[in-house]
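Each chain, written out:
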Amino acid sequence: MTIRKAQEKDIPQIIELLGQVLQIHAEIRPDIFIPDTTKYTEQELAALLKDEKKPIYVAVNEEDVCMGYAFCQMKEQPFSNNMVQFQSLFIDDLCVDRFARGQHIGESLFDYVKQEAKRMGCYEVTLNVWAGNTSAEKFYEKMGMKTKERQLEYIL
């Protein structure tokens, strides 16, 4: 397995994986997520691939087939004047193909993102996990991540 920046030829496989992630989220929160959709269109993905502040990394097998991805975003801190200034690499989405899980692809992607963040001079790597996605929560805790803050909701 190799991890590299995503290329236009990866878009069809990324779209398939985006659909897998959406399905998990739609099962957890059908009030928010629309089944059988994806977060990005092919055109939006093509544009994202050119954005240096939003790198997408893919894990590919020996046949160069995408087995997983990590969508990232460079973020500047602080959000207010009373916080220390630093850069953060936010993992907007991380997915491993459901047929390839258990092969440590997610761990490899996460480690790669950490190395890239360090290379870019980031202070931290952050992400959000939807409540109810317990397998993702367990995975990220296993990777050493800790809760930084929590977002709460009150549905009207």
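How each quantity is defined
Residues numbered from 1 in each chain as written. Predicted model: local features only at pLDDT ≥ 70, side-chain atom pairs only at ≥ 80, totals over all residues. Heavy atoms only, no water. Buried < 20%, exposed > 50% of the residue type's maximum accessible area, 1.4 Å probe, protein only. Helix = DSSP H or I, 4+ residues; strand = E, 2+ residues; numbered from the N terminus. Pairing = 2+ DSSP bridges. Phe/Tyr/Trp six-rings, centres within 6.5 Å; stacked < 30°, edge-to-face > 60°. Core = buried A, V, L, I, M, F, W, Y, C linked by side-chain atoms within 4.5 Å. Contact = heavy atoms within 4.5 Å. Salt bridge = Lys/Arg side-chain N within 4 Å of Asp/Glu carboxyl O. Axes fitted to C-alpha atoms, helices over the stretch in contact; angles between N-to-C directions.

Within strand S2 (residues 56-60), five of the five residues are buried, which leaves the element mostly enclosed by the surrounding structure. Judged from the four bridges that link them, strand S1 (residues 2-5) and S2 form a sheet pairing that is antiparallel. Residue pairing for S2: Arg4 is matched across the bridge by Val58. Relative to strand S3 (residues 66-77), S2 is paired through five bridges, and the arrangement is antiparallel. The residue bridging Tyr57 from the neighbouring strand is Ala70, located in S3. Taken together, S2 and the strand that follows it, S3, pair antiparallel across an intervening segment of five residues, in which Asp64 is found at a positive phi of about 65 degrees.

Bringing the packing of aromatic side chains into the picture now. Taken as a whole and judged by the stated rule, the model has seven aromatic pairs. Between the aromatic rings of Tyr57 and Tyr112, the centroid separation amounts to 5.2 Å while the plane-to-plane angle is 70 degrees, which identifies the pairing as edge-to-face. Highlighted residues: Tyr57 in strand S2 and Tyr112 in helix H3 (residues 105-119), separated in sequence by 55 residues. Given a relative accessible area of 22%, Tyr112 falls into the partly exposed group. Plain terms: the ring middles of Phe110 and Tyr140 are 6.2 Å apart, the flat faces sit at 55 degrees to each other, and that makes the pair tilted. Taken together, the residues span a long stretch of sequence, with Phe110 in helix H3 and Tyr140 in helix H4 (residues 134-142) at a distance of 30 residues. The exposure class of Phe110 is buried, given its relative accessible area of 2%.

Turning our attention to the nonpolar core. Of all hydrophobic cores here, the largest spans 24 residues; its most connected members are Ile91 and Val113. Each residue touching Ile91, except ones within four places of it in the same chain, is listed here: Phe71, Cys72, Phe110, Val113, Val125, Thr126, Leu127 and Asn128. Membership of the second largest hydrophobic core comes to 18 residues, among which are Ala6, Ile14, Leu45 and Ile56.

On to the pattern of salt bridges, then. Under the definition given, this model contains 11 salt bridges. A salt bridge links Arg4 to Asp10, with the shortest nitrogen-to-oxygen separation between them at 2.7 Å. There is no split in this pair, since Arg4 and Asp10 are both buried. Among the salt bridges present, the one from Lys114 reaches Asp111, with a minimum N-O distance of 3.4 Å. Taken as a pair, Lys114 and Asp111 lie in helix H3 at a separation of three residues, close to a single helical turn. Taken together, the shared-partner salt bridges in this structure form one network comprising Arg4, Lys9, Asp10 and Asp64.

On to the sheet that holds strand S5 (residues 124-127). In space, the five strands of this open sheet follow the order S1-S2-S3-S4-S5, with mixed pairing throughout. The sheet terminates laterally at S1 and S5, the two strands that pair on one side only. Sheet twist, expressed as the average angle between the axes of neighbouring strands with direction ignored, equals 30 degrees. Each of S2, S3 and strand S4 (86-96) touches helix H1 (residues 11-28); the most contacted strand, S3, lies at about 80 degrees to it.

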